[in-house]
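Reading the structure
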Amino acid sequence: MAEGKGNFSEDGEENLKASFKKMVASQNRKKKKSGGFQVMGLSYSVYKGIMKKGYKVPTPIQRKAIPLVLDGKDVVAMARTGSGKTAAFLVPMFEKLHAHSAKTGARALILSPTRELALQTLTFTKELGRFTDLKSAVILGGDKMDKQFSALHENPDIVIATPGRFLHVIMEMDLKLSSVEYVVFDEADRLFEMGFSEQLHEIISRLPEARQTLLFSATLPKSLVEFAKAGLNDPTLLRLDVDTKLSEQLKLAFFSVRADDKNAVLLHLLQSVIKPTEQTMIFAATRHHVEYLKTLLVLAHIPCTYVYSALDQAARKINVAKFRKKKVMVLIATDVAARGIDIPMLDNVINYNFPAQSKLFVHRVGRVARAGQVGSAYSFIASDEVAYMLDLCLFLGRPMKTAKDVYTDNDDKDFVYGNVPQIIIDDQEDVLRSIHQNSEAQSEQETCNKAYKQYSKSRPAPSPESVKRMKEMSMTSLNCHPLLGGIQDGEHAKFIDGIRSYKARQTIFEIGSTSKTRSQDIMKSKRQKHGTVIEKIKQQTSKKQNEENSSETVERNKLEETTIDEIKSVFTTVLDPSRKTRKPRTQGALQFRDESYIPHRAPDHFSEKGLGVSSFQSQADNAVLDLDADEARSVIRTKNNKRWDRKRKKFVGNEENAKKRIKTESGRWIPASYKTTIYKDWLDKNMVKNQEDDGEYRNNPGTFRKGKRGGRKGQKDGRLAGRKSELRNKEQILKQRKQKQKIVERQKKGREKNVKRKQNRTSRKESTKIYKERADKDTGFYYSEKSSHL
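In every chain, residue numbers begin from 1 and rise along the written sequence. In view of the model being predicted, local features appear only for residues whose pLDDT reaches at least 70, and side-chain atom pairs are presented and counted only at 80 or more, with totals across whole chains, interfaces and linings using the full set of residues. With hydrogens and water set aside, each side-chain value is computed from the structure's full complement of heavy atoms.

An unreviewed UniProt entry lists the chain under the name RNA helicase, with Paramuricea clavata as the source organism. UniProt positions are given in the numbering used here, feature names are shortened, and annotations may be inferred rather than shown by experiment. Among the UniProt annotations of the chain, the heading Catalytic activity (unreviewed entry) holds the following wording: "ATP + H2O = ADP + phosphate + H(+)". The Subcellular location (unreviewed entry) comment attached to the chain in UniProt states, word for word, "Nucleus, Nucleolus".

Among the seven residues that make up strand β13 (residues 375-381), seven are buried, leaving the element largely enclosed by the rest of the structure. Partly exposed residues are those whose accessible area sits between 20% and 50% of the maximum for their type, while under 20% is buried and over 50% is exposed, using a 1.4 Å probe and protein chains only. Think of it this way: any DSSP run of H or I at least four residues long counts as a helix, any run of E at least two long counts as a strand, and we number them from the N terminus. Here β13 shows two buried faces, one formed by Gly375, Ala377, Ser379 and Ile381 and the other by Ser376, Tyr378 and Phe380. Sheet topology note: the strand β8 (residues 250-256)/β13 ladder contains seven bridges and is parallel. In the sheet register, Leu252 faces β13, and the bridge partner there is Ala377. Sheet topology places strand β12 (residues 348-351) next to β13; four bridges connect them, and they run parallel. By the bridge assignment, Asn348 is partnered in β13 with Ser376. Two strands pair if DSSP finds at least two bridges between them.

Scored between 0 and 100, pLDDT is the confidence that the predictor attaches to each residue. Summary statistics for the chain give a mean pLDDT of 76 and a share of 69% for residues scoring 70 or more. Across residues 554-561 the pLDDT falls below 50, and counting only partners more than four positions away or on other chains, this stretch makes nine contacts in the model. Note that residues 622-632 has pLDDT below 50 and, in this model, four contacts with residues that lie over four places away or in other chains. Whether two residues touch is decided by their heavy atoms; if any such pair falls within 4.5 Å, the residues are in contact.

Here the nonpolar core consists of buried residues drawn from Ala, Val, Leu, Ile, Met, Phe, Trp, Tyr and Cys, with membership extended through side-chain atoms lying within 4.5 Å. Phe166 and Phe185 are the most contacted members of the largest nonpolar core, which totals 45 residues. Residue contributions to this core peak at six residues, all from helix α7 (residues 163-173). What Phe166 contacts, discounting residues up to four positions off in sequence, is Leu109, Leu111, Ile139, Val159, Ala161, Leu177 and Ile203.

Each salt bridge in this description consists of a side-chain nitrogen of Lys or Arg and a carboxyl oxygen of Asp or Glu lying within 4 Å of one another. Scanning all chains against the criterion turns up 15 salt bridges. Notably, a salt bridge pairs Arg115 with Asp143, separated by 3.2 Å at the nearest N-O pair. One end of the pair, Arg115, is in helix α5 (residues 115-128); the other, Asp143, is in the loop between β3 (136-139) and α6 (145-153), with 28 residues separating them in the sequence. We note a salt bridge from Asp260 to Arg258, for which the minimum N-O separation is 3.7 Å. In this structure Asp260 comes out as exposed when scored by relative accessible area, which is 59%. Through salt bridges that share partners, Arg258, Asp260 and Asp261 make up one connected network.

Right, dumping it as structure tokens:
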């Protein structure tokens, strides 16, 4: 009975503390539609960290998301890059966790797609929560596993990780995630684009059901909606700044450039247009482009650094730190740096290769003009990239403006597509020629050209409407861009454009023809005869292309777009301030209903509910009849069939792949390489208590072995038999200190004895010397120290 009363009193105290905390938060939360962080009911330690960070007024996503998260709801938040999404999930996380807990394990989990974003979130967590005693740990791919094991054994409250390495650590340690109550998927759409869907589903299956889950993303693809349906409980969709997509402070410029002239325009921008005190990020298509541009800028005496995914993790960290600390003002990167990385006060972005996806362009240029700052984005458009630029116009809902002849100061020069003067390219030709005399730059340029051919084959095709509009556009009528317009002479530009657009009206057979030659008459009759046939074939091919394009657009829209019905089926409440509510219909309005109409259902509707029946059609679709596999050669050929592995970037055999995969608790197949003996070896090396040894360790993974000192009999674990424990109690520490003190005193006494011996020796020598001198003076006899004789 006494024990029951004690437990009841402890539970009652915890309930009283929780109710008191809620009461204080409700009293602090003022009933206002807008305001600062002080009206959200935050505790003093969290509010002080926000003020020290320099935040005074919350952004729209923070103002809408933080109250919803504090109420305990699952939230899917959509906002453009640079809108303050990181603080929107960190502030309520600090408020919910409140203080460090020594009994339970990790209580918050933040999953990020890249190493750089995870490290940035870690620094942001430490800065924003400096006045709370919450501990945080980071688990990243490429780092040593030993450090990550020890970090988890220190019992952190917040774990920031990338999905692949976190699942690896979970399986190595057999880690239980029962204590996790707050989960965040940062840049969730990027997590699925990078192929982490299996890892995310496996992590979700291991998490407890009584948790709060948040998804923060810039877009909402179908895969993310399905994941929210499976992993979230009655989520609330929060859509902000979806219509604008880009910051109003961002200035866009598009330059029509030949592929061979991009280097010249890049050097001119960095040397003449962009100030040397401004930071610039250059985005390229492949890592070979990054290496080539790095060599090009270094030889042009422009200090720069670079980042791409295949680079060593330590080198990536060092290069990004150089750029952040402004030791170098130019950073060349692939799309690995296009998402989530926050470079404060970044001024410019240059798209050396225009991205094939409009969403990727938004994320690239979203690195600038963040938190109310002004920025610029320059894009080089080659002839094969014009259709992607037109796709971007459709995606953003903004018309493309071509450059004019004359501009005034009041004209809007944003989102303008213009030509580059030939004088700029001619000025940089000598510099580029001298650079390409270097053997390293020449070889890198060749590999860069080969890599671009492979990249152009693998990138997605533009929309047919944009291709059609691109063919209708006349590139020769483009004027010079206003940013570069003051450089070129008008007559010189017209002369060069005339040479470019020149097309001969006569063939080689008609040049210099006379009355004696019949070549001119023959070509005229040929044109009359075959002209009608050529026009008919052109009309037929254009009709076929239009039909194919229309069918492709329909299929594309079915696959990619997320419809409003799908959003409504997953999210019960949708907060979208940009959409206005429609007025209800009047009662007198006529309503037509077709009796023969059959409502549409999704093809997997009954299978989702468990009512699906295996029909003959489904069995016939899955059946495969191989008539050629009777022979021995064909059997071997079917066994050796390989498939393309997106993650490993090579062809993989099916049998090899099946052997290297294991089935997890949730029923999913993941690579078997996750499970090794690294963790057991680490336990043996550091003499740390394992999870299986004691039930208390499961609740507290940071506990080490604490037991009596002794030999093999006093220790239960066979692995640790005969080894002394490194942890000591107070008595052992005092005993050790006394022993050290005795040794010090003994050494001190020994030193004093040695000093006395030396003094005695010197005094004895001096006395014998004096005695000898006296004897020589008085008697003249010889005296020896060993034996005295006359």
